[in-house]
Structures are given as C-alpha cells and as structure tokens.
Amino acid sequence: MNSTHTTRWAPVSELLPQELRILVAVAEAGAFSAAAAALGVTQSAVSHSVRGSEAKLGAVLFERGRSGASPTPVGERAVGHARRILRSYEVMGAEVRGAAREEGREALGGVLRIVAFRSAALHLLPPALERLAARHPGIRPEVRVVREIGAGAAGEVAAGRADLGIATLGGARDGTPPGLLTGVLAQEAYHLVHPAGHPDPRSLPLMDWDENCGSYTRAWWRAQDWIPRATVTAEDDAMVLTMVGRGHGMAIMPELSLRDATGAVEITGLGPQGPVRQVGYVTTPESAATLAVRALIRELRSEKG
C-alpha cells in the first residue's frame, strides 16, 4: 500500500514597519546603540527586534562585534527591501493625499529621489527636470551624484536609497542588480580627444579615469595597437578633459563627457566599429508604478525623442 506525505511549511511571519525601520537604522548607524538613539528607543528594544526579524526570516542579518554591527550579504538585501517597502508606504500616503486634495485629479507631489553619474546629472537630467517642474510643481526632486563604479547608480536604487537612477546599461559586464527595470535613454559613441592643433595626437600618453566604462571599450581597445596603457588616471571625466586641453595627453571619452569640451581640444571619431555605450534609467518595479517616477520617465523619454 502506497502512501503520500505532504510537507507543510509554516509561513514566515511578515515584518512590521517598525521592525523594518530598526533594520534600516542599524545598517545606517553601524551599531545597535546608535540606532536606538536615532529612533528614540532602548538598545534592548533594538536588539530584541533584530533577533525577532532574523528568526522570522531564518537568516543572520548583522555581524555583531566590538566595533558595532554590519549587515551580512543577506542582510544587505534585507535592508534594501526594507528601505523600498518603507518608501512605498511614504509614496502611497503622498499620492492618496494628493488625489484627495484634487478631488480625484492626479496631483503629483512629494520628494522624488534621483541618483545619476556626473555627466548625466549635468546634461540629461536638467531639461527633464525643468519640464517636470513646469507640469508638476508639487514634485520636489532630490538629486545625488554618484560615481559609476561598482554598484553605482543602479546599486543605490536596489538598496532603496533612490527611486530612479541614471546609469550605464549593458556592456561586457553589466552590473545592474537583478529585479530592476531599465530603459535606454541615449546611445553614445566614444571619441578620441586630444589637444587642439597637435600634429600627432596618437603619440600622446593616454589619460583615463576610474569611472570610465571600460567594459564598453575593452574588446575594442585590445584590438587597437596604437592605444598605450593609461599613464595618468584622473578623478573624473571633467579633470581628464581639462588636462587634455592643457596638452598633457589624449583620451577616449563618451559623448556626454564631451559636452563640456572647449576650443582647447579637438574631437575625432573612432569610426563605425568604435565603442558605444548605453545610458538609461533604472528603477524598481514598485517605484515604476508611482506617479512621480512615471512622470519623470516620460520627460526623460521626451528628451530622447
């Protein structure tokens, strides 16, 4: 006689908003005591809450030590989800209150958190934000410039610290965290930049910066025997452009970085086989459903068009 046995797993209890706030506070303060002070509760209450959250989730979320508390890898993900959930509560309240004030008409308002790398913040965002302000004056954009190194702008969105990011997309090593929504806003070619009037710019030393998207250019660079190893690494693309203009070397730079170019430099195309990168927006599924993020994406896309 055959019998079947069905295993029933007990559902994981949901974390309460206050438990989520405590996880975020501990991660940002780096210690249970500092988190307790920031929240106005006792340290024992914070410790008890974190232990309860770990029990509910079945994972250790923080490494404890004499120097404080730091999120484990799974803790980083949990804290990111906590920020995003708490942010959804905030946006829900703002949208409902706005709709009620306008008697059903969508009145957009509240803070819209945006991150972008330097050249995108300078050249892609301002026109879109001007149009957004004209159509929806109640929205208050908060823009932070982040370096496009490591997790970059996409990592800030995944961690729940931004509603939308302007980031580089694709490439040989796409570092966009899974689960995010993306859309291409611009496709820009790389160019050779050199001091104006130089008779042999390819003989100059190469200048570069850490944030340069090497994954987009690496394969192409390997096939170019005239490109030397970078001898000067600057802080950012603006510094590279300035140093090239002063005759210190040549560089290979994308179009957004070249919008600040002056007559001190000349820009030469790299041909149809030259490297190209994509720049676009990154957001979470929950943020993509909010009215303010949708409005900003429309403005960014209209700039593209």
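Residues numbered from 1 in each chain as written. Predicted model: local features only at pLDDT ≥ 70, side-chain atom pairs only at ≥ 80, totals over all residues. Heavy atoms only, no water.

Asker: Where do I start with the overall build of the chain in this structure?
Answerer: Helices and strands together make up the secondary structure of the chain, namely 11 helices and 11 strands. The proportion of buried residues among the 305 residues of the chain is 45%. A separation of at least 24 residues holds for 74% of the contacts in the chain among residues at least 6 apart in sequence. (Helix = DSSP H or I, 4+ residues; strand = E, 2+ residues; numbered from the N terminus. Buried < 20%, exposed > 50% of the residue type's maximum accessible area, 1.4 Å probe, protein only. Contact = heavy atoms within 4.5 Å.)

Asker: Please clarify how the pairing of strand β9 (residues 250-254) should be interpreted in this entry.
Answerer: Looking along a regular strand, one sees the side chains alternate between the two faces of the sheet. The buried fraction of β9 amounts to five of the five residues, a majority that puts the element mostly inside the structure. Neither face of β9 is exposed, since M250, I252 and P254 on one face and A251 and M253 on the opposite face are all buried. In the sheet, strand β6 (residues 181-195) pairs with β9 via four bridges, with the strands oriented antiparallel. Looking across to β9, one finds that V193 is bridged to A251. Sheet topology places strand β7 (residues 206-209) next to β9; two bridges connect them, and they run parallel. (Pairing = 2+ DSSP bridges.)

Asker: I keep staring at the pattern of salt bridges and nothing clicks. Help me out?
Answerer: Close approach of charged atoms allows side chains of opposite charge to pair. What the rule picks out here adds up to 15 salt bridges. When the shortest N-O distance is used, the salt bridge between R277 and E188 registers 2.3 Å. With a gap of 89 residues between them, R277 in strand β11 (residues 276-283) and E188 in strand β6 connect regions that are remote in the sequence. By relative accessible area, E188 is classed as buried at 3%. (Salt bridge = Lys/Arg side-chain N within 4 Å of Asp/Glu carboxyl O.)

Asker: Would you take a moment to explain the nonpolar core for this structure?
Answerer: As a rule of thumb, nonpolar side chains are buried together in soluble globular proteins. By size, the foremost hydrophobic cluster in this structure holds 26 residues, and its most contacted members are L112, L164, I166, L296 and L300. Elements with a contribution of two residues or more to this core: β3 (110-116), α5 (118-123), α6 (125-135), β5 (164-169), β11 and α11 (291-304). Looking at this core, the element that brings in the most residues is α11, giving seven residues. Membership of the second largest hydrophobic core comes to 19 residues, among which are L20, A25, V26 and F32. (Core = buried A, V, L, I, M, F, W, Y, C linked by side-chain atoms within 4.5 Å.)

Asker: Can you help me understand a nonpolar patch on the surface in this one?
Answerer: A cluster of nonpolar side chains, namely I85, Y89, M92 and V96, defines an oily patch on the protein surface of about 380 Å² accessible area. Of note, I85 is situated in helix α4 (residues 73-101). Exposure remark for I85: the relative accessible area of 36% places this residue in the partly exposed category. (Patch = residues over 30% accessible without salt bridge, like charges linked within 9 Å, V, L, I, M, F, W, Y side chains within 5 Å. Areas by Shrake-Rupley, 256 points an atom, 1.4 Å probe, with all protein chains shown as cover.)

Honestly, it's all geometry; don't read function into it.
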